[in-house]
Amino acid sequence: MVPSYFLIMVAYCSSKVDIFDYLNAQLKKRILILDGAMGTMIQKHRFTEEDYRGERFKDFEAPDGLKGNNDLLTLTQPAAILDIHEKYLASGSDIIETNTFSGTTIAMVDYKMVHLVHELNYESAKLCRQAADKYTAMNPLKPRFVAGAVGPTNRTGSISPNVEDAGFRNTSFDELRIAYKEQIAALIEGGCDIIMIETIFDTLNAKAAVYAFDEFQDEYMEKGGKRIPLMISGTIVDQSGRTLSGQTGEAFYTSLRHSKPFSIGLNCALGAQQMKPFLRRLAEIAECWVSVYPNAGLPNAMGGYDDTPEDMARDVLDFAKDGMVNFAGGCCGSCPPHIKAIAEAMKGSEAVLRPYPTKPERPMMWLSGLEPLVVDKTRFAFLNVGERCNIAGSRKFARLIKKGMYGEAMDVARKQVEDGAMVIDLNVDDGMIDGMAAMSRFLKIAMTEPDVSKVPFMIDSSKFDIIEEGLKWVQGKCIVNSISLKVGHDEFVRQAKIVRRHGAAVVIMAFDENGQAATYEEKCRICKRSYDLLVSDEIRFPPEDIIFDPNILTIATGMAEHNNYGADFIKACKTIKEQCPHCKISGGVSNLSFGFRGVNKVREAIHSVFLYHAIQNGMDMGIVNAGML
Ligand code: THG
């Protein structure tokens with residue numbers, strides 16, 4: 001009998017099967033082998049300043065010289081780079097990575113080589129392609145692939161490089177996004193099969209990279225291009241199990257899962273042994289394949305790496321025995337003998353294949369700050385969103401923001417988390433202040449305060465520009481509050497697509513071109529209309545990330561037509577839940593009792609009764625005064 005994967009291989013080689021089918025079929029049979037370090041191999045050549053420059057850059061003026069610009073060697077020492085790629089292929093790598101770790105306009109600034117970014121990526125992809133194709137031709141039953149390496153850059157979106165000012169940044173989401181997109185385009189143009197966003201120590205950078213990838217992929221497909229597998233690999237910096245920007249591995253994955261990666265994994269920073277607990281947790285939750293390429297141990301006193309090929313192979317096999325990996329390779333300190341040893345070990349009978357994860361019975365909404373938060377009725381009955389970081393909702397917060405007292409404004413956020421808020425709503429809408437500036441400043445500072453940023457943010461504004469600005473400063477998975485059909489069909493679609501591309505969940509107000517839904521019928525009608533549009537092919541919004549707000553309006557105002565507002569909301573919860581599978585329901589609870597301002601006892605009582613019934617009817621979350629609940 002001819003095994004089916006054999007047929008797939010033959011079909012692949014005659015280009016009838018796409019790369020996803022081929023890799024998926026292989027990954028069901030075996031662990032695929034990545035390559036090892038580029039830097040370690042380059043070091044062995046002991047290239048001088050002159051070698052780095054070659055003929056072409058002999059007289060190039062760079063402030064600190066060109067030695068150390070490893071990406072440049074693609075142009076000046078192509079034979080050496082080609083030889084490194086081939087050595088890894090000879091050692092058994094299925095996938096080799098381009099020599100483009102620093103190939104962005106951002107990282108090339110230091111060498112004054114921003115103008116060379118396209119060429120560096122394009123030529124590196126071609127060189128890698130040449131090596132891979134040579135090995136594929138030698139054995140067409142083992143096709144080799146090229147992954148375009150997209151590094152983290154030398155700047156971070158979530159961390160201030162200035163100890164004096166937590167709100168300072170030396171880059172921005174858009175700058176990162178544009179730089180990544182340029183790199184990705186050149187890598188694909190040069191012939192890469194896969195894009196690998198790697199060594200992520202700040203998830204905000206990676207969010208900009210996956211945003212860029214998604215934009216590129218859409219444009220590429222419009223021009224007739226294929227779907228490209230995306231591999232993502234993060235870096236845990238120490239035994240705390242966190243990225244440099246403070247996220248746990250689970251929060252890191254949560255922030256990026258909207259990009260639907262082909263694989264997620266860990267590389268660099270730690271040796272295999274130290275990585276194990278974090279890799280295990282990632283492998284447990286990841287809904288895709290898992291990769292790992294550790295350093296050859298922790299760096300020694302000389303900055304070198306001591307793990308032998310046997311050490312690494314043993315440790316990686318240890319992961320494989322526990323069924324934690326689908327792709328394995330090496331990072332800093334690993335060389336072709338390490339990869340050969342890993343490849344041999346993975347072939348052994350001891351490796352247990354990690355199966356492709358099965359889909360959960362029903363999709364769940366995952367959010368993240370520094371830590372993950374899965375919103376589901378089986379975990380907790382009600383999600384509290386703290387309402388106090390709102391200029392219109394707290395006189396104190398308004399005063400602090402208007403005076404620029406952001407440190408004290410952080411205390412307002414921190415207090416809510418202490419009081420049980422699981423998400424922080426942030427609204428700085430006010431005619432008297434620059435909302436864009438206040439939104440970004442608050443979030444940039446909040447990102448550096450772990451007591452605040454451990455929870456996810458709800459970015460609240462009536463101006464979509466301000467919402468978009470907010471999304472560009474948060475590494476976690478946020479909720480957008482809110483969008484609605486008030487702006488008309490076309491603008492609603494535009495906004496929803498942007499929110500989806502950022503990976504945020506979204507609050508949809510029961511509002512349309514004709515105004516706010518006050519009655520039960522109107523609430524249900526507008527939510528259903530919004531839902532159908534959001535989950536349609538035009539937008540493809542994940543239904544579990546849609547949160548309807550059917551408008552909690554103020555009761556007992558003295559006007560008879562307001563008396564039924566509470567009951568209408570409660571009744572609508574049930575119908576909307578039935579009509580819109582997997583959606584959530586939220587509302588601004590304190591609105592209900594505006595008529596009793598200042599009489600907190602009465603307000604609390606009204607809220608309690610209201611929530612009791614609304615939660616029973618399916619309300620999942622609410623914007624509340626966390627301290628009062
Ligand atoms: N739906 C959605 N978002 C919302 C609302 C909503 N965002 C804003 C608002 N409504 C929810 N937030 C608040 C915040 C505070 C109050 C009410 C709603 C509040 N504040 C006290 C007051 O006005 O009496 C202020 C007291 C003080 O200054 O300390 O009641 O419905 N999607």
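The preceding data block contains the structure.
Residues numbered from 1 in each chain as written. Predicted model: local features only at pLDDT ≥ 70, side-chain atom pairs only at ≥ 80, totals over all residues. Heavy atoms only, no water.

Q: Let's hear about the overall build of the protein chain: which residues, and what values?
A: On a plain count of helices and strands, the protein chain comes out with 22 helices and 20 strands. Over its C-alpha atoms the protein chain spans a radius of gyration of 26 Å, differing by no more than 12% from the 25 Å that the globule rule assigns to 629 residues. Along the longest, intermediate and shortest principal axes, the C-alpha atoms of the protein chain span 85 × 65 × 45 Å. Counting only residues that meet the buried cut, the protein chain has 60% of its 629 residues in that class. Put simply, 75% of the contacts in the protein chain that link residues at least 6 apart link residues at least 24 apart. (Helix = DSSP H or I, 4+ residues; strand = E, 2+ residues; numbered from the N terminus. Rg over C-alpha atoms; globule rule 2.2 N^0.38 Å. Buried < 20%, exposed > 50% of the residue type's maximum accessible area, 1.4 Å probe, protein only. Contact = heavy atoms within 4.5 Å.)

Q: Any chance you could break down the state of the cysteines for me, citing the residues and the numbers?
A: Throughout the structure, instances matching the rule amount to zero disulfides. Its sulfur unpaired, Cys-573 is 9.2 Å from the next cysteine sulfur, which belongs to Cys-524. (Disulfide = S-S within 2.5 Å.)

Q: Lay out a positive patch on the surface in plain terms, naming residues and giving numbers.
A: On the surface, Lys-260, Lys-359, Lys-497 and Arg-540 cluster together into a positively charged patch. Note that Lys-497 resides in helix 19 (residues 489-502). Residue classification places Lys-497 among the partly exposed positions, given a relative accessible area of 36%. (Patch = residues over 30% accessible without salt bridge, like charges linked within 9 Å, V, L, I, M, F, W, Y side chains within 5 Å. Areas by Shrake-Rupley, 256 points an atom, 1.4 Å probe, with all protein chains shown as cover. Salt bridge = Lys/Arg side-chain N within 4 Å of Asp/Glu carboxyl O. Lys, Arg positive; Asp, Glu negative; His and termini not counted. Charge placed at Lys NZ, Arg CZ, Asp CG, Glu CD.)

Q: Go over the sheet that holds strand 15 (residues 505-509) with me, naming the residues and quoting the values.
A: Pairing is parallel in the open sheet, where eight strands are placed in the order 19-18-15-14-13-12-11-20. Bordering the open sheet on either side are strand 19 (584-585) and strand 20 (621-624), each of which pairs with just one other strand. Taken together, the three bridges between strand 13 (residues 457-460) and strand 14 (residues 479-483) define a ladder with parallel strand orientation. Note that in strand 14 the partner of Asp-460 across the bridge is Asn-481. Strands strand 15 and strand 18 (546-549) of the sheet are contacted by helix 20 (residues 520-535), whose axis makes an angle of about 165° with strand 18. (Pairing = 2+ DSSP bridges. Axes fitted to C-alpha atoms, helices over the stretch in contact; angles between N-to-C directions.)

Q: Which residues make up the packing of helix 9 (residues 203-222) against helix 10 (residues 249-256), and what values do they have?
A: In a packed pair of helices, the relevant descriptors are the angle between the two axes and the axis-to-axis distance. Between helix 9 and helix 10, whose axes approach to 10 Å, the crossing angle comes to 25°. In terms of orientation, helix 9 and helix 10 fall into the roughly parallel class. In the crossing of helix 9 with helix 10, the sense of the turn from one axis to the other is right-handed. Residue-level inspection shows Thr-203, Ala-206, Lys-207 and Val-210 of helix 9 in contact with helix 10, the latter providing Phe-252, Ser-255 and Leu-256. Taken together, the residues of the contact of helix 9 with helix 10 break down into four nonpolar, two polar and one charged. (Parallel < 35°, antiparallel > 145°, perpendicular 65-115°, else oblique. Left-handed = near helix turned anticlockwise from the far one by under 90°. Nonpolar A, V, L, I, M, F, W, Y, C, P; charged D, E, K, R; others polar.)

Q: Before we move on, could you go through the sheet that holds strand 1 (residues 32-33) and cite the residues and values that matter?
A: Strand order in the open sheet made by the eight strands is 1-8-7-6-5-4-3-2, with parallel pairing throughout. A strand with exactly one partner marks an edge of an open sheet, and here the two such strands are strand 1 and strand 2 (95-97). Relative to strand 2, helix 7 (residues 117-138) is tilted by about 160°, and along the sheet it contacts strand 2 and strand 3 (145-150). Strands strand 7 (289-295) and strand 8 (327-328) of the sheet are contacted by helix 12 (residues 309-321), whose axis makes an angle of about 155° with strand 7.

Q: Residues and numbers for empty space enclosed by the protein, please.
A: Evaluation of the coordinates by the stated rule reveals three cavities of 30 Å³ or more. Here the largest cavity defines a volume of roughly 60 Å³. If you go around the largest cavity, the residues you meet are Ser-368, Gly-369, Leu-370, Met-447, Ser-453, Val-455, Pro-456, Phe-457, Val-474, Gln-475 and Gly-476. Of the residues that constitute the lining of the largest cavity, the class distribution is six nonpolar, five polar and no charged. (1 Å grid on protein atoms, 1.4 Å probe; cavity = no way out; pocket = protein on both sides within 12 Å on 5 of 7 lines; lining within 4 Å. Points joined across faces, edges and corners; volume = space filled by probe spheres on them.)

Q: Which residues make up the pairing of strand 4 (residues 194-200), and what are the values?
A: With seven of seven residues buried, strand 4 is to be regarded as a mostly interior element. Alignment of strand 3 against strand 4, held across four bridges, turns out to be parallel. In the strand pairing of strand 4, Gly-148 is matched with Ile-195. As a crossover connection, the stretch from strand 3 through helix 8 (residues 173-189) into strand 4 is right-handed. Of the pairings in the sheet, the one linking strand 4 to strand 5 (residues 230-234) comprises four bridges and is parallel in character. Across the sheet, the residue bridging to Met-196 is Met-231, located in strand 5. Considered for its hand, the β-α-β crossover made up of strand 4, helix 9 and strand 5 is right-handed. (Right-handed = clockwise from strand over helix to strand, strands pointing away.)

Q: An account of the pattern of salt bridges is needed here, citing residue identities and associated values.
A: One pass over the structure, following the stated rule, counts 44 salt bridges. Here Asp-218 and Arg-501 are joined by a salt bridge, their closest N and O atoms 2.7 Å apart. With Asp-218 in helix 9 and Arg-501 in helix 19, this pair connects stretches of sequence that are 283 residues apart. Assessed through its relative accessible area of 18%, Arg-501 is described here as buried. Through salt bridges with shared partners, a single network forms among Asp-174, Arg-177, Lys-181, Glu-215, Glu-219 and Lys-472.

Q: An account of the site of the ligand is needed here, citing residue identities and associated values.
A: The environment of the ligand is made up of 18 residues, and the closest members are Asn-481, Asp-549, Asn-591, Arg-597 and Arg-603. A distance of 3.2 Å is found between an oxygen atom of the ligand and a backbone nitrogen or oxygen belonging to Gly-588. A distance of 2.5 Å separates an oxygen atom of the ligand from a polar atom in the side chain of Asn-591. Taking 670 Å² as the accessible area of the ligand by itself, protein coverage stands at 84%. Its atoms largely coinciding with the cavity grid, the ligand occupies the second largest pocket. Looking at the shell around the ligand, the elements with two or more residues in it are strand 11 (383-390) and strand 15. At three residues, strand 11 tops the list of elements feeding residues into the shell around the ligand. Partitioning the shell around the ligand into residue classes produces four nonpolar, seven polar and seven charged. (Near = heavy atom within 4 Å. Polar contact = N/O pair within 3.5 Å; in protein donor to acceptor, adjacent residues only side chain to side chain. Sits in = over half its atoms within 2 Å of the grid points.)

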